[in-house]
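Letter by letter, the chains look like this.
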Amino acid sequence: LLANTGGGILVPIFINAIPVSLSDTYPIVIIMAFIIHELYPMVREVIGLSPVFKIMLICMYECNRAFVVVKLSKAASAAIAPSEFDFPLFGPIFCGAIGGCGGAFLPLSKGLDPIKEGGLAQPMYSALIASTCFHLFMSTSLSDGVIQPAKKAQLLIAIYFIAHNIYATYFKGGHAKKEKTH
């Protein structure tokens, strides 16, 4: 539960806003997901056996993650005052990155252990890159003249997340691992 909503909890607290998991219909979705996994554990097995179903879930999850990164980057950009530059630079990038992978740090007693143990994991790395690119695109003249730049950037981020996750899952060690024979 915390892994799925971590960024939506941490970033709003950082910028003095309401955590995502306490607003809208999000609690209902969380409860329904818990009930499905608790009552029907075979769903996890089906996901593991069906590459098509797994790719569909990856696409849905990464589209949602792109939405969270964009939303929290924009919220942080509006909430944080600029200091050295004409726009706030590091705060929105960090907030977007944490929004895309904040669950890795929850519960908070884990601290930075997830990074110390193995470096940046795939979701952390991709969220940091996407947040940086989105924030710099939206805050500089790069987005001038672009019609609905935030939506187009969010689409590109979602495509990047999907491609990165599918590559990491199927080609970089996920299902591509072969059994060792002795």
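Trainee: Could you give me a rundown of the nonpolar core, with the residues and numbers involved?
Mentor: Membership of the largest hydrophobic core is limited to 10 residues, which are Ala66, Val69, Val70, Ala130, Phe134, Ala150, Ala153, Ile157, Ala158 and Phe161. When contributions to this core are tallied by element, the ones reaching two or more residues are α4 (51-79), α7 (122-139) and α8 (149-171). The dominant element in this core, judged by the number of residues it contributes, is α8, at 5 residues. If near-sequence neighbours (up to four positions away) are discounted, Ala130 is found in contact with Ile157, Tyr160 and Phe161. In this structure, Val11, Ile15, Leu72 and Ala76 belong to the second largest nonpolar core, which totals 5 residues.

Trainee: Could you give an account of α4, with specific residues and numbers?
Mentor: Taking 1.5 Å as the rise per residue, α4 with 29 residues should run 42 Å; its terminal C-alpha atoms sit 41 Å apart, in good agreement. For α4, the full list of buried residues reads Ile58, Glu62, Arg65, Ala66, Val69, Val70, Leu72, Ser73 and Ala76.

Trainee: Mind laying out the packing of aromatic side chains, listing which residues take part and the relevant values?
Mentor: In the structure shown here, the tally under the stated rule is 4 aromatic pairs. Ring centres of Tyr160 and Phe161 lie 5.8 Å apart, and the angle between their planes is 40°; on these two criteria the pair is classed as tilted. The lysine or arginine in question, Arg65, covers the ring of Phe161, its NZ or CZ lying 3.9 Å from the ring centre.

Trainee: I'd like a rundown of the state of the cysteines, residues and numbers included.
Mentor: Cysteine pairs can be covalently joined through their sulfur atoms, and such a bond is termed a disulfide. Throughout the structure, instances matching the rule amount to 0 disulfides. There is no disulfide at Cys59, and the cysteine sulfur nearest it, in Cys63, is 6.5 Å away.

Trainee: Please give an account of the packing of helix α3 (residues 42-49) against α4 that cites residues and values.
Mentor: Contact geometry of α3 with α4 gives a least axis separation of 5 Å together with a crossing angle of 105°. Accordingly, the angle class assigned to the pair α3 and α4 is roughly perpendicular. Side by side, α3 and α4 meet where Val46, Ile47 and Leu49 of the first sit next to Pro51, Phe53, Lys54 and Leu57 of the second. Taken together, the residues of the contact of α3 with α4 sort by class into 6 nonpolar, no polar and 1 charged.

Trainee: How would you sum up the confidence of the model for the protein? Please name residues and give values.
Mentor: Put simply, the protein has an average pLDDT of 82, and 84% of its residues get 70 or more. For the protein, helix α1 (residues 2-14) is the element with the lowest average pLDDT, namely 71, and α8 is the one with the highest, namely 93.

Trainee: Talk me through helix α5 (residues 90-101); I want residue IDs and the actual numbers.
Mentor: Helix length check: α5, at 12 residues, gives a terminal C-alpha distance of 17 Å against a target of 16 Å (1.5 Å per residue), a fit within 8%. Within α5, burial applies to Pro92, Ile93, Cys95, Gly96, Ala97, Gly99, Gly100 and Cys101.

Trainee: I'd like a rundown of the pattern of salt bridges, residues and numbers included.
Mentor: Taken as a whole, this structure holds 1 salt bridge when the rule is applied. The partner of Glu62 in a salt bridge is Arg65, and the shortest N-O contact between them spans 2.7 Å. Of this pair, Glu62 and Arg65 both sit in helix α4, 3 residues apart, which is roughly one turn of that helix. Accessibility classification places Glu62 together with Arg65 in one group, the buried group.

Trainee: How would you explain unusual backbone geometry if you had to name every residue and give the values?
Mentor: For Asn16, which is not a glycine, the phi torsion comes out positive at approximately 60°. Position of Asn16 among the secondary structure elements: in the loop between α1 and α2 (26-39). Exposure remark for Asn16: the relative accessible area of 75% places this residue in the exposed category. Of note in the backbone geometry, Gln148 takes a positive phi value of approximately 50° without being a glycine. Summarising the element assignment, Gln148 is placed in the loop between α7 and α8.

Trainee: Help me get a handle on a nonpolar patch on the surface, residues and values and all.
Mentor: Taken together, the side chains of Ile28, Ile31, Met32, Phe34, Ile35, Ile36, Leu39, Tyr40 and Met42 present a nonpolar region at the surface, about 950 Å² in accessible area. Residue contributions to the nonpolar patch peak at 7 residues, all from α2.

The rules behind these values
Residues numbered from 1 in each chain as written. Predicted model: local features only at pLDDT ≥ 70, side-chain atom pairs only at ≥ 80, totals over all residues. Heavy atoms only, no water. Core = buried A, V, L, I, M, F, W, Y, C linked by side-chain atoms within 4.5 Å. Buried < 20%, exposed > 50% of the residue type's maximum accessible area, 1.4 Å probe, protein only. Helix = DSSP H or I, 4+ residues; strand = E, 2+ residues; numbered from the N terminus. Contact = heavy atoms within 4.5 Å. Expected span 1.5 Å × (residues − 1). Phe/Tyr/Trp six-rings, centres within 6.5 Å; stacked < 30°, edge-to-face > 60°. Lys NZ or Arg CZ within 6 Å of the ring centre and 35° of its normal. Disulfide = S-S within 2.5 Å. Axes fitted to C-alpha atoms, helices over the stretch in contact; angles between N-to-C directions. Parallel < 35°, antiparallel > 145°, perpendicular 65-115°, else oblique. Nonpolar A, V, L, I, M, F, W, Y, C, P; charged D, E, K, R; others polar. pLDDT = per-residue confidence, 0-100. Salt bridge = Lys/Arg side-chain N within 4 Å of Asp/Glu carboxyl O. Patch = residues over 30% accessible without salt bridge, like charges linked within 9 Å, V, L, I, M, F, W, Y side chains within 5 Å. Areas by Shrake-Rupley, 256 points an atom, 1.4 Å probe, with all protein chains shown as cover.

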